[in-house]
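# Structure assessment
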Amino acid sequence: MFGEVLSAPAIERAQALAAEADLLLVVGSSLEVHPVAALPGETLAAGGAVAIVNHGVTPWDSRAELVIDAGAGETLRGLAAALDMVGSD
């Protein structure tokens, strides 16, 4: 959450997971606030890909495999429905 102070162990775990990820899905973040804003770089440096779902541009859009400029809720509901995970409504 914006403004939330993350503990050192939490951010270290996030960095490690991002470095191991084949795909980092960023949902609803402008990727402007560090240290979380650097997580896509961890994934890309390790050979993974980044997908971004956000209203508006982010500093990582040009390096992402997929960018969806839309609301997180509607996008993820549509994705879940397409994958037959939940009903579309």
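To keep things clear, this report deals only with the structure shown in the data block.

Thresholds, definitions, all that
- Each chain carries its own residue numbering, running from 1 in the direction its sequence is written.
- Only residues with pLDDT of at least 70 get local features here, since the model is predicted, and only at 80 or more are side-chain atom pairs given and counted; chain-wide, interface and lining totals rely on the full set of residues.
- Excluding hydrogens and water, the side-chain figures rest on all heavy atoms present in the structure.
- For this analysis, a nonpolar core means a set of buried residues of the types Ala, Val, Leu, Ile, Met, Phe, Trp, Tyr and Cys, connected via side-chain atoms within 4.5 Å.
- Relative accessible area decides the class of each residue, using a 1.4 Å probe on protein chains only: under 20% of the type maximum gives buried, over 50% gives exposed, and in between gives partly exposed.
- In DSSP terms, a helix is any run of H or I states spanning at least four residues, a strand is any run of E spanning at least two, and both are numbered starting from the N terminus.
- Only heavy atoms enter the contact rule, under which two residues are in contact if any of them lie within 4.5 Å.
- Pairing between strands is defined by DSSP: at least two bridges between the two strands are required.

## What to know about the nonpolar core
By size, the foremost hydrophobic cluster in this structure holds 10 residues: Ala18, Leu24, Val26, Leu31, Leu39, Leu44, Val50, Ile52, Trp60 and Ala64. Put simply, the parts of the chain that give this core at least two residues each are strand S1 (23-27), helix H2 (39-45) and strand S2 (49-53). Leu24 has contacts with Leu39, Pro40, Thr43, Ala49, Val50 and Ala51, leaving out every residue within four places of it along the chain.

## Some remarks on the pairing of S2
Of all the 5 residues making up S2, 5 are buried; the element is thus mostly covered by neighbouring parts of the structure. Burial along S2 is two-sided: the face carrying Ala49, Ala51 and Val53 and the face carrying Val50 and Ile52 are both buried. Here 5 bridges tie S1 to S2, and the two strands are oriented parallel to one another. Across the sheet, the residue bridging to Val27 is Val53, located in S2. Where S2 lies against strand S3 (residues 66-68), 3 bridges are found, and the strand directions are parallel. Bridge pairing links Val53 to Ile68 in S3.

Read these as geometric descriptors, not functional statements.
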